[in-house]
Amino acid sequence: MDASQFDRANWFCTNVIIVRHGQSDNNTTYELIRSRFGDSLTPEQFEVELNKIHEPDCSVSSVGVSQSKALAEHIAAGKLNTLKQARSWKVLSSPMKRCLMTTQLIAAGFGPDYPVTVHPRFFESDGCFKKDEDGNSVGMPGMTKAEVEDRFPGFQCLPGMENGWFADRPGKETAGEFKLRTEELIDVLWTMHGDHLRDAQQRRQQEVLEGVPDAEKKPLDDRDLGYFIVAHGNLIRALISKLLGTFAMVAVDNTGLSFLQLWSTVDGQNRFASVQYCNRVDHLLHIDGGSLISGSDIFDDHWIQEYLIPDHV
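Rules used throughout
- Residues numbered from 1 in each chain as written.
- Predicted model: local features only at pLDDT ≥ 70, side-chain atom pairs only at ≥ 80, totals over all residues.
- Heavy atoms only, no water.
- Helix = DSSP H or I, 4+ residues; strand = E, 2+ residues; numbered from the N terminus.
- Buried < 20%, exposed > 50% of the residue type's maximum accessible area, 1.4 Å probe, protein only.
- Contact = heavy atoms within 4.5 Å.
- Pairing = 2+ DSSP bridges.
- Axes fitted to C-alpha atoms, helices over the stretch in contact; angles between N-to-C directions.
- Phe/Tyr/Trp six-rings, centres within 6.5 Å; stacked < 30°, edge-to-face > 60°.
- Lys NZ or Arg CZ within 6 Å of the ring centre and 35° of its normal.
- Core = buried A, V, L, I, M, F, W, Y, C linked by side-chain atoms within 4.5 Å.
- Disulfide = S-S within 2.5 Å.

Bringing the environment of Met143 into the picture now. Along the polypeptide, Met143 turns up in the loop between strand S5 (137–139) and helix H5 (145–151). On the basis of relative accessibility, which here comes to 10%, the residue Met143 falls in the buried class. Taking the C-alpha atoms as reference points, Met143 and Gly164, separated by 21 residues in sequence, lie 4.9 Å from one another. Filtering out sequence-adjacent residues up to four positions away, Met143 remains in contact with Asp57, Lys97, Leu100, Val148, Arg151, Phe152, Met161, Gly164 and Trp165.

What follows deals with the sheet that holds strand S2 (residues 89–93). The seven strands lie next to each other as S6-S3-S2-S7-S1-S8-S9, forming an open sheet whose pairing is mixed. With partners counted over all chains shown, the strands left at the sheet margins are strand S6 (155–157) and strand S9 (271–280), one partner each. Ignoring which end each strand starts from, the neighbouring axes of this sheet average 25° apart. Each of S2, strand S3 (116–118), S6 and strand S7 (226–231) touches helix H4 (residues 97–107); the most contacted strand, S7, lies at about 140° to it.

One pass over the full model with this rule turns up nine aromatic pairs. With 5.5 Å between their ring centres and 75° between their planes, Phe123 and Phe166 make a pair best called edge-to-face. Of this pair, Phe123 sits in the loop between S3 and strand S4 (129–131) while Phe166 sits in the loop between S6 and helix H6 (175–209), and the two are 43 residues apart along the sequence. An identical accessibility class is assigned to Phe123 and Phe166; each is buried. Site record: aromatic cluster; members linked through ring pairs are Trp11, Trp263 and Phe272. The aromatic ring of Trp190 is capped on one face by Arg271, whose charged end is 4.3 Å from the ring centroid. The ring of Tyr277 carries Arg280 above its face, with NZ or CZ at 4.8 Å from the centroid.

The next thing to look at is unusual backbone geometry. Its identity as a non-glycine residue notwithstanding, Thr255 has a phi of 65°, on the positive side. In this structure, Thr255 sits in the loop between helix H7 (233–244) and strand S8 (257–265).

What follows deals with the environment of Leu220. By the secondary structure assignment, Leu220 is in the loop between H6 and S7. Residues Leu220 and Asp199 lie 21 residues apart in sequence; the distance between their C-alpha atoms is 9.9 Å.

Counting 33 residues, the largest nonpolar core has Ile17, Leu80, Phe110, Val148, Phe228 and Leu257 as the members making the most contacts within it. Of all the secondary-structure elements, those providing two or more residues to this core are strand S1 (11–20), helix H3 (62–76), S2, H4, S3, S6, S7 and S8. In contact with Phe110, not counting residues within four places along its chain, are Ile75, Leu80, Trp89, Val91 and Phe228. Core analysis: the next-biggest nonpolar cluster, separate from the first, contains 27 residues, Ile229, Ala231, Leu235 and Trp303 among them.

Working definition: the covalent bond between the sulfur atoms of two cysteines is a disulfide. Per the counting criterion, the structure on display carries zero disulfides. Of all cysteine sulfurs, the one in Cys99 lies closest to Cys58, which takes part in no disulfide; the gap is 9.5 Å. With no disulfide of its own, Cys157 lies closest to Cys99 among cysteine sulfurs, the gap being 13 Å.

Nothing here speaks to function; it is all geometry.
Here it is, written out as structure tokens:
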């Protein structure tokens, strides 16, 4: 094996933090159903009751607002940067309302009027849908580019949301479609890494042209930029599982942070992903004894259904 592969200077890293949205109104429905029926429902019956009160594109709850503000304060205090991850962050959001609301609150921690990019493909599994009287799922378009950018000043939507991010879909996303989209988003993450690497190479070329001493000998600067993505529990689970090449039970609290690193050699011949940590909620631990922590109970918060009900796998 070539010894140069063990030289840090020959590798380039892109830091990615993925955070789950604050508690949503739909997240609170699990407890509501249990208060009505106790433990009398089968998983299939629970799904039926859940769909009766499911909102196609719900907001964050009051708890979710508090969680998001706590994370913003954590970021504003510089506690995100103590891990030497990146000097600046590009913030991206799912197009779903609960993520947009969470991102709006969190972005304030990075600075006033901090720019946010809305990616139409980072939505949660199932997509945007409602159930008709016969129990069939009916696809809903979701918010359009114009609606998002009007309601959330400073947000910029990527193409694909002109008529709604889930437009022209007959029903909810299938398990097979979700699997394919997860693979697509893995490619998106690696494309982000590739863009980051090219920018660093171009900066070095410019330094060489300008006669910066020893510019060619210096390692590429990969700490200039990281990606901060606000997304969803099941999507985060699927992305981490895919990056690790397994199907893992990765439960994530509301506003829980997961830190990934994408590594490649500067020549692009080798690459791997590293999970540095998963589901950190440091920003919530000191508040009322952690009472704001929510969302990762394997049974109470509906994670087990993602494994045992075929339509969710």
